Amino acid sequence: MAFLDEEYLLESASAQRLYDEIRDLPILDPHSHVDVAALARNEGWNDIWEIEGETDHYIWELMRKRGVPERKITGDATNREKWDALAAVFPKFAGNPSYEWVHLDLKRRFGIDKPISAETADDIWTESKAILDNPEMRQQQLLREMNVEVVSSTDDPTSDLADHQMLDDEFDEITVRPTWRPDTAMGIEKAGWQEYVTNLGDATDTDIADLDGFLAALQTSHEYFEANGCGASDHGLSEIVSKPVAQHRAADVYERAYARERLTDDDIADFKAFVLERIGEFNRDTDWVTQLHIGPVRDYRDSLHDELGADAGGDISKGDLELADGLRYFLNRFDEELEIVLYVVDPTHYPTIVTIARAFPNVSVGAAWWFNDSPYGMESQLEYVGTADLLANYGGMVSDSRKLISFGSRFEMFRRSLSNTVGEMVERGQMPMDVARDLVRQVAYKRPAALWDI
């Protein structure tokens, strides 16, 4: 087996046959961070750094790990200097999925087979720059070429969705769906929350001076997203707390927070639990999927956050979560009433969420997320889901990517890993090939299409 050849990740004849069944299926991406404004403008890129490194904090972290100075990562160095710095250390990325994704991007989208290194940096820069000048390398054309059928963005409740509306009018072949993400609205303990809720009130023409106004503003935004094709909310949670909280208790916390009074940890937890339950009611009434991304500790490296701000890398996985207790009220409150997809960033939490999904038919296990979206991480998760729950009810792959060009590479890696996992079951005599074919098609396309109402 050679590097990224046709047998890449496929360790048996059965795996190869299964991959042939799903390799050309359309891509359904229920969760990404695609830049909708750039997509609506059908922008292209100027060079290989811009397309592969400029927005990718996975790449930034690995470059820092190899001693590249920040100036050549997020600083004022030229894009050529940044690309040369990346290429010089790229061979040391081997074993990390970013090594494979970027090489897959080059191979599939550019037709470049050269392994990235200091010696090949100049050739790849020059060849890719010439190719990027072609109209087919603009964003909308690339989505078509990658056979993307649906992609979902991540959007704040204050968004006017103007770019989605433009795409809906002018980009008929591919559906770009908004996803409602109210994290900032729920972040009552964060600096700037009061200013944010004021903006939310302005965006929805609602008086948000009290809790009733705040909830009305959220519901108005929710209804607007519904009218513009949204079918899911998404929630990033460092930990999950759900419990019954009286309206008067939440109203008291809201009013004190709005007045910039100090809140206790119990105040914050009660407010978030109350609002999450209300959002669950909104989603139930519109048949939206509720995505809960649980467990990361963001901006853990203080010096990095102080220098560059949020989302610059330096996030970590947290293991000590009370998932079973934290989810119990919410799951029982919406038992068989609300489609819920659970993502966790720490793989030691798989037994909890997989057995929860086994107990609740309306709960699905989400894709191996963040630090786990490697062949090893995906296959380990798929094996466990197939053992303790049902692969046929798996939530499906998501790109979770800010890099549009990598959508195809990420889904290819997943489909090869899925084929290898199920192919091994065929090789061991655990299922016949005809059942395995149906199963991989179910996981790769049919189940996500049904779950996300695509």
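Figured I'd write up the structure that's included with this text.

Here is what the cut-offs are and how they apply
Residues numbered from 1 in each chain as written. Predicted model: local features only at pLDDT ≥ 70, side-chain atom pairs only at ≥ 80, totals over all residues. Heavy atoms only, no water. Patch = residues over 30% accessible without salt bridge, like charges linked within 9 Å, V, L, I, M, F, W, Y side chains within 5 Å. Areas by Shrake-Rupley, 256 points an atom, 1.4 Å probe, with all protein chains shown as cover. Salt bridge = Lys/Arg side-chain N within 4 Å of Asp/Glu carboxyl O. Lys, Arg positive; Asp, Glu negative; His and termini not counted. Charge placed at Lys NZ, Arg CZ, Asp CG, Glu CD. Helix = DSSP H or I, 4+ residues; strand = E, 2+ residues; numbered from the N terminus. Buried < 20%, exposed > 50% of the residue type's maximum accessible area, 1.4 Å probe, protein only. Pairing = 2+ DSSP bridges. Expected span 1.5 Å × (residues − 1). Axes fitted to C-alpha atoms, helices over the stretch in contact; angles between N-to-C directions. Contact = heavy atoms within 4.5 Å. Parallel < 35°, antiparallel > 145°, perpendicular 65-115°, else oblique. Left-handed = near helix turned anticlockwise from the far one by under 90°. Nonpolar A, V, L, I, M, F, W, Y, C, P; charged D, E, K, R; others polar. Core = buried A, V, L, I, M, F, W, Y, C linked by side-chain atoms within 4.5 Å.

1. Examining a negative patch on the surface
Argument step 1. Among the surface-exposed residues, Asp168, Asp169, Glu170 and Asp172 lie close enough to one another that they form a single negatively charged patch.
Argument step 2. The residue Asp169 is located in helix H9 (residues 162-170) in this model.

2. A short note on the pairing of strand S4 (residues 232-237)
Argument step 1. In terms of burial, S4 is largely enclosed, as five of its six residues are buried.
Argument step 2. Summarising the sheet, S4 and strand S5 (residues 289-294) pair through six bridges and their orientation is parallel. When the bridges of S5 are listed, Leu237 appears paired with Ile294.

3. Structural notes on unusual backbone geometry
Argument step 1. Positioned with a positive phi, Leu161 is a non-glycine residue whose angle comes to about 60°.
Argument step 2. Inspection of the secondary structure puts Leu161 in the loop between strand S2 (148-152) and H9.
Argument step 3. On the accessibility criterion, Leu161 (1% relative accessible area) is buried.
Argument step 4. Despite not being glycine, Arg260 shows a phi value in the positive range, around 65°.
Argument step 5. In this structure, Arg260 sits in the loop between helix H13 (247-258) and helix H14 (265-286).

4. What about helix H19 (residues 407-427)?
Argument step 1. Counted at 1.5 Å a residue, the expected span for H19 with its 21 residues is 30 Å, and the 30 Å between its end C-alpha atoms agrees.
Argument step 2. Of all 21 residues making up H19, 19 are buried, and the element is well covered by its neighbours.
Argument step 3. Once H19 finishes, Gly429 follows within two positions and takes phi at roughly 80°, a positive value.

5. Examining the sheet that holds strand S9 (residues 363-365)
Argument step 1. On the basis of which strands lie adjacent, the open sheet formed by four strands has the order S4-S5-S8-S9 and parallel pairing. For this open sheet the edge positions go to S4 and S9, each flanked by a neighbour on one side alone. Across the sheet, the axes of successive neighbouring strands diverge by a mean angle of 20°, strand direction being ignored.
Argument step 2. Where strand S8 (residues 340-344) meets S9, three bridges bridge the pair, whose relative direction is parallel. Note that in S9 the partner of Val341 across the bridge is Ser364.
Argument step 3. The sheet contacts of H14 involve S4 and S5, and relative to S4 the element is tilted by about 160°.

6. Some remarks on the sheet that holds strand S1 (residues 27-29)
Argument step 1. Judged by pairing direction, the sheet is parallel, and its three strands sit side by side in the order S1-S2-S3 without closing on themselves. Lying at the two open borders of the sheet, with one neighbouring strand each, are S1 and strand S3 (175-177). Strand-to-strand, the axes of this sheet are offset by a mean angle of 10°, without reference to chain direction.
Argument step 2. Sheet topology places S2 next to S3; three bridges connect them, and they run parallel. Within the sheet, the bridge partner assigned to Val151 lies in S3 and is Val176.
Argument step 3. Against the sheet, H19 engages S1 and S2, with an angle of about 105° to S1.

7. Considerations on the packing of helix H5 (residues 79-89) against helix H7 (residues 121-132)
Argument step 1. Interaxial distance between H5 and H7 falls to 10 Å at its minimum, and their mutual angle equals 130°. Of the possible angle classes, the one that applies to H5 and H7 is oblique. Between H5 and H7 lies a crossing whose hand is right-handed. Contacts between H5 and H7 involve Asn79, Arg80, Trp83, Asp84 and Ala87 on the former and, on the latter, Ala121, Asp122, Ile124 and Trp125.
Argument step 2. The residue makeup of the contact of H5 with H7, split by class, is five nonpolar, one polar and three charged.

8. As for the environment of Ala162
Argument step 1. When you line up the elements, Ala162 lands in helix H9.
Argument step 2. Through-space distance from the C-alpha of Ala162 to that of Trp180 is 14 Å; in sequence the pair is 18 residues apart.

9. Overview of the nonpolar core
Argument step 1. Trp83 and Phe214 are the most contacted members of the largest nonpolar core, which totals 147 residues.
Argument step 2. In this structure, Phe214 is in contact with Ala185, Val197, Leu200, Ile208, Tyr254, Phe271 and Val275, ignoring residues within four places of it in sequence.

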